[in-house]
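Spelled out from the first residue to the last, the chains are:
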Amino acid sequence: MTSSTGTHIEGAFRVLLRMEINPGLEADFEKAWRGSTEAVTGHPACLGQWLSKDNDEDSVYFIVSDWTDETGFRDFESSEAHLAHRERLHPYRGKGSFNTMRVVAHIEGQAASHAA
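Asks: Is there a simple way to think about the nonpolar core in this case?
Replies: Across soluble globular proteins, nonpolar side chains show a tendency to be buried alongside one another. In terms of nonpolar packing, the biggest core is built from nine residues, these being Met 19, Ile 21, Phe 29, Ala 32, Trp 33, Tyr 61, Ile 63, Leu 89 and Tyr 92. In terms of residue count, the dominant contributor to this core is helix H1 (residues 26-34) (three residues). When near neighbours in sequence (up to four residues on either side) are disregarded, Tyr 92 contacts Glu 20, Ile 21, Asn 22, Leu 25, Asp 28, Phe 29 and Ala 32. In this structure, Phe 13, Val 15, Val 40 and Cys 46 belong to the second largest nonpolar core, which totals eight residues.

Structure follows, in structure tokens:
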């Protein structure tokens, strides 16, 4: 399936990072993340990424990135660009988790068709 933005979603390789940011550094983390996204989105296998802040847990963020396939992500993961990107964000992180998955289905809601 292709979304209304033309991006193929089903079958994509998705990465989910949960990051606990050191208290008081949230604004600095967001600024550093926004300033270094090209390291991720500039990779030819990257379909996009999102930064979300948890509503219930202070200092918890989720970073989701979609990739054309696992091979493309693993290529990025071992690249110099990824290592530099991680290095820039490391001072803000207390702890976190890392999950990978394959998108099995994507169904857009009615609002998505009006957002274009």
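Asks: I would appreciate a short explanation of the side chain of His 82 in the present structure.
Replies: Examined against the element boundaries, His 82 turns out to sit in helix H4 (residues 80-89). For His 82, the contacting residues outside a window of four places in its chain are Phe 76 and Glu 77.

Asks: Explanation requested: the layout of surface pockets in the structure shown.
Replies: Unfilled space is identified by rolling a water-sized probe across the atoms. One number sums up the size of the largest pocket: a volume of about 440 Å³. What lines the largest pocket is a set of 21 residues, and nearest its centre among them are Leu 17, His 82, His 85, Arg 86 and Arg 93. The element that contributes the greatest number of residues to the lining of the largest pocket is H4, accounting for six residues. When the residues that make up the lining of the largest pocket are grouped by side-chain class, the tally is twelve nonpolar, five polar and four charged.

Parameters and conventions
- Residues numbered from 1 in each chain as written.
- Predicted model: local features only at pLDDT ≥ 70, side-chain atom pairs only at ≥ 80, totals over all residues.
- Heavy atoms only, no water.
- Core = buried A, V, L, I, M, F, W, Y, C linked by side-chain atoms within 4.5 Å.
- Buried < 20%, exposed > 50% of the residue type's maximum accessible area, 1.4 Å probe, protein only.
- Helix = DSSP H or I, 4+ residues; strand = E, 2+ residues; numbered from the N terminus.
- Contact = heavy atoms within 4.5 Å.
- 1 Å grid on protein atoms, 1.4 Å probe; cavity = no way out; pocket = protein on both sides within 12 Å on 5 of 7 lines; lining within 4 Å.
- Points joined across faces, edges and corners; volume = space filled by probe spheres on them.
- Nonpolar A, V, L, I, M, F, W, Y, C, P; charged D, E, K, R; others polar.

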